[in-house]
Amino acid sequence: QGVQGAEHQGGHHGGTAHLIKMRGLPYKASVGDILAFFQSAGAALTESSVHICMNAQGRPTGEANIHFSSLHDAHKAMTKDMQSIGNRYIELFDVGRVTHKQR
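Residues numbered from 1 in each chain as written. Predicted model: local features only at pLDDT ≥ 70, side-chain atom pairs only at ≥ 80, totals over all residues. Heavy atoms only, no water.

1. Topic: the pattern of salt bridges
A side chain of one charge can pair with a side chain of the opposite charge when the charged atoms of the two come close.
Move 1: Enumeration according to the criterion identifies two salt bridges in this entry.
Move 2: Of the charged contacts in the structure, one is a salt bridge between Arg23 and Glu91, with a shortest N-O distance of 3.1 Å. Here Arg23 is found in strand E2 (residues 15-23), whereas its partner Glu91 is found in strand E7 (residues 91-100), with 68 residues between them in sequence.
Move 3: Its relative accessible area of 30% is what places Glu91 among the partly exposed residues. (Salt bridge = Lys/Arg side-chain N within 4 Å of Asp/Glu carboxyl O. Helix = DSSP H or I, 4+ residues; strand = E, 2+ residues; numbered from the N terminus. Buried < 20%, exposed > 50% of the residue type's maximum accessible area, 1.4 Å probe, protein only.)

2. Details of the pairing of strand E4 (residues 60-68)
Move 1: Counting buried residues in E4 gives seven out of nine residues, a clear majority hidden from the surface.
Move 2: Where strand E3 (residues 50-54) meets E4, four bridges bridge the pair, whose relative direction is antiparallel. Residue pairing across strands places Ile52 opposite Ala64, the latter belonging to E4.
Move 3: Two successive antiparallel strands, E3 and E4, enclose a turn made up of five residues, where Gly58 displays a positive phi of approximately 80°. (Pairing = 2+ DSSP bridges.)

3. Observations regarding the environment of Thr16
Move 1: Tracing the chain through its elements places Thr16 in strand E2.
Move 2: When the C-alpha atoms of Thr16 and Arg97 are compared, they prove to be 6.9 Å apart, with 81 residues separating the residues in sequence.
Move 3: Residues in contact with Thr16, not counting those within four places in the same chain, are Arg97, Val98 and Thr99. (Contact = heavy atoms within 4.5 Å.)

4. Quick word on the packing of aromatic side chains
Move 1: Counted by the stated rule, this structure contains two aromatic pairs.
Move 2: Each ring, one from Phe38 and one from Phe68, has its centre 5.4 Å from the other, and the planes form 85°; the classification is edge-to-face. On the criterion of sequence distance, the pair formed by Phe38 in helix H1 (residues 31-39) and Phe68 in strand E4 is long-range, its members being 30 residues apart.
Move 3: Relative accessible area serves as the criterion here: at 0%, Phe68 is assigned to the buried category.
Move 4: One aromatic cluster in this structure is built from Phe37, Phe38 and Phe68.
Move 5: Its end group placed over the ring of Phe37, Lys80 keeps NZ or CZ at 4.8 Å from the ring centre. (Phe/Tyr/Trp six-rings, centres within 6.5 Å; stacked < 30°, edge-to-face > 60°. Lys NZ or Arg CZ within 6 Å of the ring centre and 35° of its normal.)

5. Notes on the side chain of His18
Move 1: Here His18 lies in strand E2.
Move 2: A distance of 2.7 Å separates the side chain of His18 from the side chain of Asp94, its partner in a polar contact.
Move 3: When near neighbours in sequence (up to four residues on either side) are disregarded, His18 contacts Ile66, His67, Phe68, Ser70, Leu71, Ala74, Asp94, Gly96 and Arg97. (Polar contact = N/O pair within 3.5 Å; in protein donor to acceptor, adjacent residues only side chain to side chain.)

6. Thoughts on H1
Move 1: Of the positions making up H1, those classed as buried are Val31, Ile34, Leu35, Phe37 and Phe38. Summarising the axial view, the buried residues of H1 lie within an arc of 160°, below the 170-degree limit, and thus occupy one face. (Arc of directions from axis to C-beta.)

Written out as structure tokens, the structure reads:
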């Protein structure tokens, strides 16, 4: 479950995407760490597709939302469920297809 009202670090784009939610991230995990995690599974991803959730104090919550442009890449990414970044096991949740409004 996400933190209500949490701010996100990352870009915004319009259109539709396949959303995967990450939980269990190290608090110091960067967008680059997340990109490397998924790219090792062969999933195509850009920095603007990674949204690290922040609490009201601007600190990472240990969760992130990742927007994949294709279902195929999202399926590749899900092969990383319960694998680790650093010493933390990462849980992945396939949220499904979502629509983004341009900001």
